[in-house]
Amino acid sequence: MLGSPGIADQLVMKRMTAVIPALFCLEGVLFLLRSSQILTLFGQLATSGIWGMFWQSYGASLHNTLPVLGISSLIAAWGLWQKRRWAWRGSVILAALHFGVFPFLVPSGALLLGLLLKFKADFEHVDAMARVQWGEASRKKKVPVTYSAVIFLVMAAIGVGAYTLVEYSQIAGFPEMPLAVVPLTILVAAIFTRVVHEAGHAAAAAMLSGFRLVNLTLGPVWLSRNLTGWHWKFVPNLGWTGALASARPMTDNNLFTNVFLYLAAGPMATLLLGTSSLVFFLSAKSAPWAWCADGFGILAMAALIDFLSEMSLVRKGHVFTDGAKLMQLWNGGLERRRLLATYALGLCETTARRPSEWRPEWLEEPTSDPQSPLYFAGCYYAYVYEVDRRNWNKAGEWINLLLGSDIENPSPARRWKAAIEGAFFEASFRNDAVRARHWLSAPRDGVAVDPVSEWRAEAAVHLAEGDLNGCSDRIVKIRARLAEVPETGWKAFETSLIDRMEHQLKGMSAQDLQALDAVIEAGSSLRSLPESQQPFRLSVPDGSAISPLLQ
């Protein structure tokens, strides 16, 4: 399909730019915490030949060299994650040093060097948007003293914990986990930290009367409260170590307070995990849990570093960190209004308010600045708003901004949710089955969406391709699903689109479709009107080979 290889390559490169720094980070931690075990292990292997001579000549100085390499690897990992200009060149030099320092590091050095050279272009590409901290001048932002004090204390705790962890790892006789278990422990600690972080958001949403949790992803497992309740799906493209929680307001009363508490709950849960783990670690030397002291130390470092990352006042690609969002709410101005507007737009998923009933300012704020991380969400909601108002031309403009007008080079902000809307719009209103099928076949590189929306897009593509059976089958599934869900503005929106598509499937003329749009815009569903009140008579084609929906 057009454009698919390029999109797939972008996804692979995106993943590898996360894997390579992770490999440097793992190597750095192992060299710092397990240098004695590593030297003992490979010293036993290098007992003869050239390796034996090397070990006898340089073995005494290797105890200091490994920790230095470990620190260098951690610096390289940080630089690669941040896409600093020096990071790629420094990482290549560090990978090349593996060949001359230790014979047993040649395999890892060759792996790192090969990956760095293969993905050089992606590491050297710097996203200018990721460097922007705020939509307004930084001098207008005031950082509270409390925030600075908390950050300072957490950094001090990380310093104390890291020093103690390295010191304990060098003490003979102190309980240590086996070398092979350390990588798994680091991975488990990273995953557990993210789970606790998102669980904090989820708990806040559950306890706040004005919020409702709608999405929770734990690695590739996606839990969603869609139109019919809670469902789960296995989505490998979401990754294996990340987590994400999403909530929608149930009222616009006290929206500022509810959003603030919801956003703050995640970092606070991570901070509580980090501090408690650090206490267990520091007291482990003379405690019954001394056998798992290393595990507590690694978990404490992972949690506290994650807290600093989430509370940093920056943006990561196309999203702000929790700390940046909290600071925007605290300082007010345009950024606060824009953030609150994006949450208010979710009211159609929890209340009877339809997208066409949104306040205009809710859409003006998120779409006012293309450099804002909320611009993508604003464009998506603006598209939905115009579709619900039957303003097809404006809706087409917004969908172009979402997907990019060049089908061979789609917008980097594209997500699966936007792709299925692109498929629906191209098929239903532009009658372009080729482009519609392209978007429907796009990789699902974003958070999964409600099945009703996916089936609607599939139905529209089948109809544009002339597959009436495929279209009608999807409509039957959608009708059955919508019959089970409570009445919300989003259900009314989906129902109106299915009404239109169903009558288009039955052979309505363009004039009849315009009359149908007028009825739907007035707030009614044509299916609910008595036949005597319908503004036209349906012209149904021969249905001998069509599913029961058209009989």
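Residues numbered from 1 in each chain as written. Predicted model: local features only at pLDDT ≥ 70, side-chain atom pairs only at ≥ 80, totals over all residues. Heavy atoms only, no water.

1. Observations concerning empty space enclosed by the protein
Gaps between atoms show up when a probe of the same size as a water molecule is rolled over them.
Here's step 1: Summed over the entire model, instances satisfying the criterion amount to 1 cavity of 30 Å³ or more.
Here's step 2: Space inside the largest cavity adds up to approximately 50 Å³.
Here's step 3: The set of elements that each furnish at least two residues to the lining of the largest cavity consists of helix H17 (416-429) and helix H21 (489-505).
Here's step 4: If you tally residues by element for the lining of the largest cavity, the top one is H21, at 4 residues.
Here's step 5: In the lining of the largest cavity, the residues fall into 4 nonpolar, 2 polar and 1 charged. (1 Å grid on protein atoms, 1.4 Å probe; cavity = no way out; pocket = protein on both sides within 12 Å on 5 of 7 lines; lining within 4 Å. Points joined across faces, edges and corners; volume = space filled by probe spheres on them. Helix = DSSP H or I, 4+ residues; strand = E, 2+ residues; numbered from the N terminus. Nonpolar A, V, L, I, M, F, W, Y, C, P; charged D, E, K, R; others polar.)

2. Quick word on the packing of aromatic side chains
Aromatic rings in a pair are described by how distant their centres are and how their planes are angled relative to each other.
Here's step 1: One pass over the structure, following the stated rule, counts 10 aromatic pairs.
Here's step 2: Here Trp78 and Trp86 contribute two aromatic rings whose centre-to-centre distance is 6.4 Å and whose plane-to-plane angle is 25°, an arrangement assigned as stacked.
Here's step 3: Given a relative accessible area of 45%, Trp78 falls into the partly exposed group.
Here's step 4: Relative to Phe429, the ring of Phe424 lies with its centre 5.8 Å away and its plane at 85°, an arrangement referred to as edge-to-face.
Here's step 5: Overall, the relative accessible area of 2% leaves Phe424 in the buried class.
Here's step 6: Judged by relative accessible area, Phe429 falls into the partly exposed class, the value being 22%.
Here's step 7: Clustering of aromatic rings is evident, with ring pairs tying together Tyr383, Trp392, Phe424, Phe425 and Phe429. (Phe/Tyr/Trp six-rings, centres within 6.5 Å; stacked < 30°, edge-to-face > 60°. Buried < 20%, exposed > 50% of the residue type's maximum accessible area, 1.4 Å probe, protein only.)

3. Points about the packing of helix H15 (residues 375-388) against H21
Here's step 1: Following both chains from N to C, one finds H15 and H21 inclined at 60°, their axes separated by 11 Å at the closest point. Taken together, the axes of H15 and H21 are oblique relative to one another. Seen along the crossing, H15 lies across H21 with a hand that is left-handed. Residue-level inspection shows Tyr380, Val384, Val387 and Asp388 of H15 in contact with H21, the latter providing Trp490, Phe493, Ser496 and Leu497. (Axes fitted to C-alpha atoms, helices over the stretch in contact; angles between N-to-C directions. Parallel < 35°, antiparallel > 145°, perpendicular 65-115°, else oblique. Left-handed = near helix turned anticlockwise from the far one by under 90°. Contact = heavy atoms within 4.5 Å.)

4. Regarding the confidence of the model for the chain
Here's step 1: Taken as a whole, the chain shows an average pLDDT of 75; of its residues, 71% reach a score of 70 or greater.
Here's step 2: Ranking the helices and strands of the chain by mean pLDDT puts helix H10 (residues 255-282) first, with 91, and helix H22 (residues 510-521) last, with 54.
Here's step 3: A low-confidence stretch, residues 405-413 stays under pLDDT 50, and its non-local contacts, those more than four residues away or across chains, total 16 contacts. (pLDDT = per-residue confidence, 0-100.)

5. Digging into the pattern of salt bridges
Here's step 1: Summed over all chains, the structure comprises 18 salt bridges.
Here's step 2: Of the charged contacts in the structure, one is a salt bridge between Arg337 and Glu365, with a shortest N-O distance of 3.1 Å. With Arg337 in helix H13 (residues 334-344) and Glu365 in the loop between helix H14 (360-364) and H15, this pair connects stretches of sequence that are 28 residues apart.
Here's step 3: Owing to a relative accessible area of 44%, Arg337 belongs among the partly exposed residues under this scheme.
Here's step 4: Exposure remark for Glu365: the relative accessible area of 16% places this residue in the buried category.
Here's step 5: The closest approach of N and O atoms between Arg456 and Glu421, which form a salt bridge, is 2.9 Å. Separated by 35 residues along the polypeptide, Arg456 in helix H19 (residues 451-464) and Glu421 in helix H17 bring together distant segments of the chain.
Here's step 6: Exposure remark for Arg456: the relative accessible area of 0% places this residue in the buried category.
Here's step 7: A relative accessible area of 3% means that Glu421 is categorised as buried.
Here's step 8: A single network of salt bridges, built from pairs that share partners, joins Arg194, Glu198, Asp306 and Glu310. (Salt bridge = Lys/Arg side-chain N within 4 Å of Asp/Glu carboxyl O.)

6. Section: helix H12 (residues 322-331)
Here's step 1: H12 sits mainly inside the fold: 8 of its 10 residues count as buried.
Here's step 2: Taken together, the buried positions of H12 are occupied by Asp322, Gly323, Ala324, Lys325, Leu326, Met327, Gln328 and Leu329.
Here's step 3: Among the structural elements, helix H8 (145-169), helix H9 (181-207), H10, helix H11 (293-311), strand E6 (319-320) and H13 are those in contact with the buried residues of H12.
Here's step 4: At the exit of H12 stands Gly332, carrying a positive phi of roughly 75°.

7. A word on the nonpolar core
Here's step 1: Judged by nonpolar contacts, the single largest core of 101 residues is most densely connected at Phe211, Tyr262, Trp358 and Tyr383.
Here's step 2: Ranked by residues supplied to this core, first place goes to H10 with 10 residues.
Here's step 3: In contact with Trp358, not counting residues within four places along its chain, are Leu345, Cys348, Arg353, Leu363, Tyr381, Val384 and Tyr385.
Here's step 4: Counting 26 residues, the second-largest nonpolar core is a separate cluster that includes Trp88, Leu94, Leu112 and Leu115. (Core = buried A, V, L, I, M, F, W, Y, C linked by side-chain atoms within 4.5 Å.)

8. Structural notes on the packing of H9 against H11
Here's step 1: Taken N-terminus to C-terminus, the directions of H9 and H11 make an angle of 45°; their axes are 9 Å apart at the nearest point. When the axes of H9 and H11 are compared, the pair comes out oblique. As for how H9 packs across H11, the hand of that crossing is right-handed. Contacts between H9 and H11 involve Thr185, Ile186, Ala189, Phe192, Thr193, Arg194 and His197 from the first element and Gly295, Ile298, Leu299, Ala302, Ala303, Asp306 and Glu310 from the second.
Here's step 2: Classifying every residue of the contact of H9 with H11 by side-chain character gives 7 nonpolar, 4 polar and 3 charged.

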